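Chain by chain, the residues:
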Amino acid sequence: MNSSVDKSNMRIDGARLWDSLMDMAKVGPGIAGGNNRQTLTDEDAAGRALFQSWCEAAGMTMGVDTMGNMFATRAGTDPDALPVYMGSHLDTQPTGGKYDGVLGVLGALEAVRTMNDLGLKTKHPIVIANWTNEEGTRFAPAMLASGVFAGKHTQDWAYDRVDAEGKSFGDELKRIGWVGSEQVGARKMHAMFELHIEQGPILEAEKKDIGVVTHGQGLRWIECTVTGKESHTGSTPMPMRKNAGRGLARITELVHEIAMKHQPNAVGAIGHVDVYPNSRNIIPGKVVFTIDFRSHLQDVIDAMLEEFYDRAPKLCDEIGVTLETEIVGQFNPPAFDEACVTAVRNAAETLGYSHMDIVSGAGHDACWINDLYPTSMIMCPCVDGLSHNEAEEISPEWAAAGADVLLHAVLATAQVVE
Ligand SMILES: [Zn+2]
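Residues numbered from 1 in each chain as written. Predicted model: local features only at pLDDT ≥ 70, side-chain atom pairs only at ≥ 80, totals over all residues. Heavy atoms only, no water.

Participant: Sorry if this is basic, but what is going on with the sheet that holds strand 3 (residues 84-88) here?
Facilitator: The strands making up a sheet are joined through hydrogen bonds of the backbone, oriented either antiparallel or parallel. With mixed pairing, the eight strands of this open sheet are ordered in space as 1-2-5-3-6-15-7-14. One side of each edge strand has no neighbouring strand; the edge strands of this open sheet are strand 1 (61-64) and strand 14 (355-360). The mean angle between the axes of side-by-side strands here comes to 30°, regardless of whether they run parallel or antiparallel. Two elements, strand 1 and strand 2 (residues 70-74), share four bridges in a ladder whose sense is antiparallel. Bridged to T61 within strand 2 is T73. (Pairing = 2+ DSSP bridges. Helix = DSSP H or I, 4+ residues; strand = E, 2+ residues; numbered from the N terminus. Axes fitted to C-alpha atoms, helices over the stretch in contact; angles between N-to-C directions.)

Here's what the structure looks like:
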């Protein structure tokens, strides 16, 4: 390598990164300045081809697996060393922004371009990943292909997911020509880093350049059915009523109270409610609703569930209604790898960027990969915390800071060879 390079002050080319972001944003433009580059559409195929051409121009070799995940490799000096991965996703929401996911892929590409400019060699190979169908809008669930990679879903099940028009994931992947030959999940990783916009308001409010992501949020969705008795609202005496609506009311307050006990580490709410028969003059005989409890701490999730299961049935029993519950969604909170988190924090420190530890409120491909290999995330602010919206906005300086930190964290992990 060029020994005159002061490694502590290496920076990516912010203008080149921004140009690439704007060029990618031309592929599958939205209707309000953002993007509609949903997974496995013609626009997705065009975005993939553009990304591939850029990787090849940077001297990288592209591999594609049977879920369409793309992996561009920059060789290392040690043939036995496992690669250090970085990346995110190029697919967008139907009314998505230009940066959600895209920054993580093109920030990684900019990091490699910078390594090339500086003539840097690393012991470990470096791979940029573009994960298929992170968004999950067209084919539910989100993080589908990284989920198959991590063994959370089978490939057959993923191929059978259908969109609103009844087209299957497997058929559409084939149609756009991105069924690769590599077996999904066969790759081994030394580590993985994902750069992403925050999609929340904290970093901007705290005036920090970088979020050092220590954890992801875990969740439990509890579907509740409260059963009472339908009867006339006018003629049923008050003492004789079995009002399932009161069960909903009591449990709504209970959920709020439980989550408030664990501030600032927990949230809880009931976002979905069906009342039966939902008539103005009938006392509800049945209410079905879903509780969403979240925390980045497993013991907090456990404590919230324990208190809920202890108190909720009694609250219903007291008013003559019954409660049945079922867990319909669960995800344990990922704690990102300490060495990777430290590499990110050190990089921000070395570069002189303001930073803070942060929890990812949303799910990301890195959350699945973290189950298999040392992983962490870097977040940069976004204006007003707005995301999944065409008006999503970041500044070129925020993007450059994020990619700088990614570059340094990856080089420290992949070991620069002198
Ligand atoms: Zn994303």
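That covers the picture; the talk isn't over yet.
Participant: Help me understand the coordination of the zinc ion in this model?
Facilitator: Ideal values for angles at a metal depend on the geometry: 109.5 degrees with four tetrahedral donors, 90 or 180 degrees with six octahedral donors. On the protein side, the zinc ion has H89 (NE2), D100 (OD) and H196 (NE2) as donor atoms, found 2.0 to 2.2 Å from it. Sequence positions of the residues that donate to the zinc ion give the spacing H-x10-D-x95-H. You can see D100 sitting in the loop between strand 3 and helix 3 (102-118) and its partner H196 sitting in strand 6 (residues 191-197), a full 96 residues away along the chain. Comparing D100 with H196 shows no difference in burial state: the two are buried. (Donors = N, O, S within 2.8 Å, 3.2 Å for Na, K, Ca; no water. Buried < 20%, exposed > 50% of the residue type's maximum accessible area, 1.4 Å probe, protein only.)

Participant: Help me understand the packing of helix 1 (residues 14-25) against helix 12 (residues 396-414), please; the structure alone is not making it clear to me.
Facilitator: Packed helix pairs are characterised by how far apart their axes lie and by the angle those axes make with each other. Viewed as axis vectors pointing N to C, helix 1 and helix 12 meet at an angle of 110°, and their least axial separation amounts to 9 Å. Overall, the two elements helix 1 and helix 12 adopt an arrangement that is roughly perpendicular. Between helix 1 and helix 12, the contacting residues are G14, L17, W18 and L21 on the first element and P396, A399, A400 and A403 on the second. Residue composition of the contact of helix 1 with helix 12, grouped by class: seven nonpolar, one polar and no charged. (Parallel < 35°, antiparallel > 145°, perpendicular 65-115°, else oblique. Contact = heavy atoms within 4.5 Å. Nonpolar A, V, L, I, M, F, W, Y, C, P; charged D, E, K, R; others polar.)

Participant: What is the right way to read the pairing of strand 2 from this model?
Facilitator: One face of the sheet, then the other: side chains in a regular strand alternate in exactly this way. By the criterion of burial, strand 2 is predominantly enclosed, with four of the five residues buried. Hairpin connection from strand 1 to strand 2: five residues lie between these consecutive antiparallel strands, with G68 at a positive phi of about 80°. Across five bridges, the pairing between strand 2 and strand 5 (residues 126-130) is antiparallel. Each bridged residue has a counterpart across the sheet, and for A72 the counterpart in strand 5 is I128.

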